[in-house]
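Tertiary structure, described
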Amino acid sequence: MSLKLLIADDEDMIRRGVAKYLQLHSDRFTHIYEAENGQEAIDIILKYHPDMMLLDVQMPLKTGLDVMHEAERAGLRPVTIILSGYDEFLYAQQALKFGAKEYFLKPVRAADILACLNRLADDCVDAEQSENEAAPREQELPLVTAAREYIKEHYTEKISLTEVAEKLGISGGYLSTLFNQNMHCGFVDYLNEIRIDHACSYLEQNYLKNYEIAHKVGFQDEKYFTKVFKKIRGVTPKEYRNKIRGE
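Remember, predicted model here, so these are calculated numbers, not experimental data.

Turning our attention to the overall build of the protein chain. What the protein chain contains, in helices and strands, is 12 helices and 5 strands. A compact globule built from 247 residues would reach a C-alpha radius of gyration of about 18 Å, and the protein chain, at 20 Å, matches this within 12%. Dimensions of the protein chain along its principal axes, counting C-alpha atoms only, are 55 × 40 × 35 Å. Within the protein chain, the fraction of its 247 residues that count as buried is 43%. Put simply, 65% of the contacts in the protein chain that link residues at least 6 apart link residues at least 24 apart. On the protein chain, roughly 13600 Å² of surface is accessible, and the fraction owed to carbon and sulfur atoms is 49%. For the protein chain, the distance from the average site of its 31 positive side-chain charges to the average site of its 40 negative ones is 6 Å.

This is the structure in structure tokens:
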């Protein structure tokens, strides 16, 4: 099982050092993302959906708890390891209550972090195997799976059915057929669902304007963004934001 890892720490030496060590000593992670502040960590989580994250407690813009909270609100639950300074011990305890699996007190050896990541990665594999044995799912065609992964990685860009089909070495018509047969929706419908899901997360954070969110999730036109949003969610972005504020 290949995994995606996020390392979020405002100390460059720690962040880059751990990332480099893992790249040299482990092949379990297909992608290792780095964030130097809490907001950048949230953006990476919403865009790339990492399976695991190594999270500093105190970071600029957003704290480690803020990052965990925003991920939870978006329905994303990366397996989390907390890095903490001595004065932040109580804060780290809160993170554990929020679902963090482990915490390390700085300074910490990269080898110890790797050992912990490997153990938690094994737990992820065991859990997935148990889930598959308990409730086997209908297997998607490999081409559809690859297309979905590509969309999740590039939804912020101006991508098209033809572009994705070319990446997979098939025709646009064939990919369209595969989507309708396996996803019960069209390519554009699926792409818009992904974009609107992420737009909702940004609206809930309530720090970007609607036109900024539209461009951030891949829409070139705010009016079209509003139209698609209302079609999928039943309300406009403004109404959605106001509803969240009210709650």
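Below, the discussion takes up the state of the cysteines. Per the counting criterion, the structure on display carries 0 disulfides. Distance from the sulfur of Cys185, which forms no disulfide, to the nearest cysteine sulfur (Cys200) is 17 Å.

Moving on, we come to the side chain of Asn192. One can find Asn192 in helix H9 (residues 187-205). Residue Asn192 is classed as buried on the basis of its relative accessible area, which comes to 7%.

Right, let's get into the sheet that holds strand E5 (residues 102-105). Strand order in the open sheet formed by 5 strands is E2-E1-E3-E4-E5, and the pairing between neighbours is parallel. At either margin of the open sheet sits one strand with a lone partner, and together these are strand E2 (29-35) and E5. Strand-to-strand twist in this sheet, taken as the mean axis angle between neighbours without regard to direction, amounts to 15°. Where strand E1 (residues 3-8) meets strand E3 (residues 52-56), 4 bridges bridge the pair, whose relative direction is parallel. For Leu5, the partnering residue across the bridge sits in E3 and is Met52.

Our next topic: the pattern of salt bridges. The final tally for this structure, using the stated rule, is 11 salt bridges. The partner of Arg77 in a salt bridge is Glu72, and the shortest N-O contact between them spans 3.2 Å. Classification of Glu72 as partly exposed rests on a relative accessible area of 40%. As a salt-bridge pair, Arg119 and Glu102 come within 2.7 Å of each other at their nearest N and O atoms. With Arg119 in helix H5 (residues 110-134) and Glu102 in strand E5, this residue pair connects regions lying 17 residues apart in the sequence. Among the charged side chains, a salt-bridge network with shared partners connects Asp9, Glu11, Asp56 and Lys106.

Rules of the game
- Residues numbered from 1 in each chain as written.
- Predicted model: local features only at pLDDT ≥ 70, side-chain atom pairs only at ≥ 80, totals over all residues.
- Heavy atoms only, no water.
- Helix = DSSP H or I, 4+ residues; strand = E, 2+ residues; numbered from the N terminus.
- Rg over C-alpha atoms; globule rule 2.2 N^0.38 Å.
- Buried < 20%, exposed > 50% of the residue type's maximum accessible area, 1.4 Å probe, protein only.
- Contact = heavy atoms within 4.5 Å.
- Areas by Shrake-Rupley, 256 points an atom, 1.4 Å probe, with all protein chains shown as cover.
- Lys, Arg positive; Asp, Glu negative; His and termini not counted.
- Charge placed at Lys NZ, Arg CZ, Asp CG, Glu CD.
- Disulfide = S-S within 2.5 Å.
- Pairing = 2+ DSSP bridges.
- Axes fitted to C-alpha atoms, helices over the stretch in contact; angles between N-to-C directions.
- Salt bridge = Lys/Arg side-chain N within 4 Å of Asp/Glu carboxyl O.

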